[in-house]
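# Inside the fold
Each chain, letter by letter, is given below.
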Amino acid sequence: MPPASPSRSRLVGQPLLYAISIFASLGVFLFGYDQGVMSGVITGPYFRKYFNEPTAIEVGTMVAVLEIGAFVTSLAAGQIGDGLGRRGTLFSGAVVFAIGGAIQTFTSGFWVMVIGRIISGLGVGLLSTIVPIYQSEISPPDHRGALACMEFTGNIFGYASSVWIDYFCSFIESDMSWRIPLFIQCIIGAILALGSIVMPESPRWLIDVDRDEEGMRVIADLHGGDPEDIVAKAEFQEIKDRVIFERESGEGRTYTVMWKRYKKRVLLAMSSQAFAQLNGINVISYYAPRVFEEAGWVGRDAILMTGINAIIYILSTLPPWYLVDRWGRRFILLTGAVVMALSLGMTGWWMYIDVPETPQAVVFCVIVFNAAFGYSWGPIPLYPPEILPLTVRAKGVSLSTATNWAFNFLVGEMTPILQELIEWRLYPMHGFFCVCSFILVYFLYPETKGVPLEEMDAVFGEEELEERLEDEESERASLMSRRSSRSRLRGASGQGLVSRLLGRTDGRASYEPIRDGDE
């Protein structure tokens, strides 16, 4: 039978791969938009009047309460992602986010806004967990890092879009100046929900739930649409063999089993997300206009500076598209941590000396910090799904994402308070965490550049450990076999001590599998 030709009615090969990446980027665009939209809204005069000049605690709560909802669903996303599939979870997250956005748009007061933020957070928690998993399971090893970086660029494009929408809406002399930016969240959520219906499911998830034919079809489409393609068949077989191996080994899929066997990987995944927040990015993402107001910029000018910063932020996310699969993850994370630490230290110093040049100097330092984050720690969500095996990938990534949201909430809630309490010292404090992240990466993070997901065990030395244990077991079995043979040659009556302890009664020197004919 001749090979089937690629269908003309659907995308295949590279166009399909990039279409999926753009679609996945829309999921993080949505989160990026939500991060930025509140930064401009909370400084607007009509917003502040409508909410009766909210205190620092009230502002922090309205901004950060989203992380509570995101924390809850990111913990549950592992189970949901394994049950509904990656695509079904994307659809659910998008719908929930859109509902939350509608409640925020038509809010009647502080507590309704808080409820809307929590509901949006429930959707964001699902999306922020499942999008990196979906992206990593679709992408080929040699392009996985670049495609994940493209996804992060979508996140920052969402952030920048919201800042500029806030800026232009600030010229509206009514409550629509803040309601319109919030309503756009609903539109983005609806587009993402519709897109999830037409995108293919993750082939690794399909094969894991024994939908092999569908999984093979998706893999074939990703390789050009020919189901007889040798590379596509080899990839399918590698994934299938891994699934069968994990089932036959009896490896469980519970959180307990994941923690016992993959503790190091889980802790690395969690630490990468924790330091992405402790390094200070959401001090800027959520509160950039407040930071610039603190430095001397006033009102709409503070939002304008935030918009200029956001454009450079986007540009900084482009080099990793090319570099992450050439320089590797470690080098990029290390250099980013150094530049961020220096930038935050200088931001605090300029605020401390408070000279006429301080406003311009702080803008420059913040721009450098954002650019360093966008080049390095920003695309870090690619790391957790890379290092975790298929059996526990969804659960492990959900745990790391929950860590992200826990620290996200901590930073979001405390920043307005700390800006008033410790003032300029806030920025060197986050610079110290950048130094800690450098030390952690240098000593503990392995390089995953170009490694297929099914071969990640070798990166952590687990294959060598298993082979060593198997060799030791084989040596023990051989030793016992030789002892038993010497015992029989000496003519000892009955069986040797080792054989008696092992309960051997049939004279076999070692274990042999039961043959079909023996039954």
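Residues numbered from 1 in each chain as written. Predicted model: local features only at pLDDT ≥ 70, side-chain atom pairs only at ≥ 80, totals over all residues. Heavy atoms only, no water.

## A few points about the overall build of the chain
- Broken down by element type, the chain carries 23 helices and zero strands.
- When each of the 519 residues of the chain is scored for burial, the buried share is 54%.
- Sequence separation of at least 24 residues holds for 82% of the intrachain contacts in the chain that already meet a minimum separation of 6.
- Only carbon and sulfur atoms are counted for the fraction: they give 65% of the accessible area of the chain, which is about 22,600 Å². (Helix = DSSP H or I, 4+ residues; strand = E, 2+ residues; numbered from the N terminus. Buried < 20%, exposed > 50% of the residue type's maximum accessible area, 1.4 Å probe, protein only. Contact = heavy atoms within 4.5 Å. Areas by Shrake-Rupley, 256 points an atom, 1.4 Å probe, with all protein chains shown as cover.)

## As for the side chain of Q419
- By the secondary structure assignment, Q419 is in helix α19 (residues 393–421).
- Setting aside its immediate chain neighbours within four residues, Q419 contacts Y287, R290, V291, E294, L426 and Y427.

## Thoughts on the pattern of salt bridges
- Counted under the stated rule, the structure contains 15 salt bridges.
- Of the charged contacts in the structure, one is a salt bridge between D82 and R86, with a shortest N-O distance of 3.3 Å. With a gap of four residues between them, D82 and R86 both fall in helix α4 (residues 66–105), about one helical turn apart.
- Where R329 meets D325, a salt bridge forms, and the shortest distance between an N and an O atom there is 3.0 Å.
- Judged by its relative accessible area of 4%, R329 is buried. (Salt bridge = Lys/Arg side-chain N within 4 Å of Asp/Glu carboxyl O.)

## A closer look at the packing of helix α9 (residues 212–222) against helix α10 (residues 230–248)
- As a packed pair, α9 and α10 sit with axes 9 Å apart at the nearest point and diverge in direction by 135°. One finds that α9 runs oblique with respect to α10. Crossing hand, α9 versus α10: right-handed. Along its contact with α9, which presents D212, M216, I219 and A220, the element α10 presents A232, K233, E235, F236, I239 and K240.
- In terms of residue class, the contact of α9 with α10 is built from six nonpolar, no polar and four charged. (Axes fitted to C-alpha atoms, helices over the stretch in contact; angles between N-to-C directions. Parallel < 35°, antiparallel > 145°, perpendicular 65-115°, else oblique. Left-handed = near helix turned anticlockwise from the far one by under 90°. Nonpolar A, V, L, I, M, F, W, Y, C, P; charged D, E, K, R; others polar.)

## With respect to the environment of V59
- Of note, V59 is situated in helix α3 (residues 56–64).
- The spacing of V59 and G412 is 353 residues in sequence and 9.5 Å in space, taken between C-alpha atoms.
- Beyond its immediate chain neighbours, meaning those up to four positions away, V59 contacts I42, R48, P54, Y287 and R290.

## Re the packing of aromatic side chains
- Considering all chains together, one arrives at 21 aromatic pairs under this definition.
- Centre to centre, the rings of F29 and F157 are 5.7 Å apart; their planes meet at 45°, and the pair counts as tilted. Residue F29 is located in helix α1 (residues 13–41), and its partner F157 is located in helix α6 (residues 144–169); the two are separated by 128 residues in the primary sequence.
- Here F47 and W178 contribute two aromatic rings whose centre-to-centre distance is 5.5 Å and whose plane-to-plane angle is 90°, an arrangement assigned as edge-to-face. With a gap of 131 residues between them, F47 in helix α2 (residues 45–50) and W178 in helix α7 (residues 176–198) connect regions that are remote in the sequence. Assigned by exposure class, F47 and W178 land together as buried.
- Following the ring pairs from residue to residue traces out a cluster consisting of F47, Y50, F51 and W178.
- A cation sits over an aromatic face here: R179 above Y50, 5.1 Å from the ring centre. (Phe/Tyr/Trp six-rings, centres within 6.5 Å; stacked < 30°, edge-to-face > 60°. Lys NZ or Arg CZ within 6 Å of the ring centre and 35° of its normal.)

## Let's talk about the nonpolar core
- Counting 107 residues, the largest nonpolar core has F47, F292 and W377 as the members making the most contacts within it.
- Apart from the residues within four sequence positions on either side, F47 is in contact with V41, I42, M62, M113 and W178.
- Core analysis: the second largest hydrophobic core is formed by nine residues, I207, A220, I239 and V243 among them. (Core = buried A, V, L, I, M, F, W, Y, C linked by side-chain atoms within 4.5 Å.)

## Brief notes about unusual backbone geometry
- One non-glycine residue, N52, lies in the positive phi region at around 55°.
- For N52, the position within the fold is in the loop between α2 and α3.
- Located in the positive-phi region is D354, a residue other than glycine, with phi close to 45°.
- Looking at where D354 falls in the secondary structure, it is placed in the loop between α16 (329–353) and α17 (358–375).
- A residue is classified by how much of its surface remains accessible, and D354, at 58% relative accessible area, is exposed.

## Observations regarding the environment of Y352
- Among the structural elements, Y352 can be located in helix α16.
- In this structure, the C-alpha to C-alpha distance between Y352 and R425, residues 73 residues apart in sequence, is 8.3 Å.

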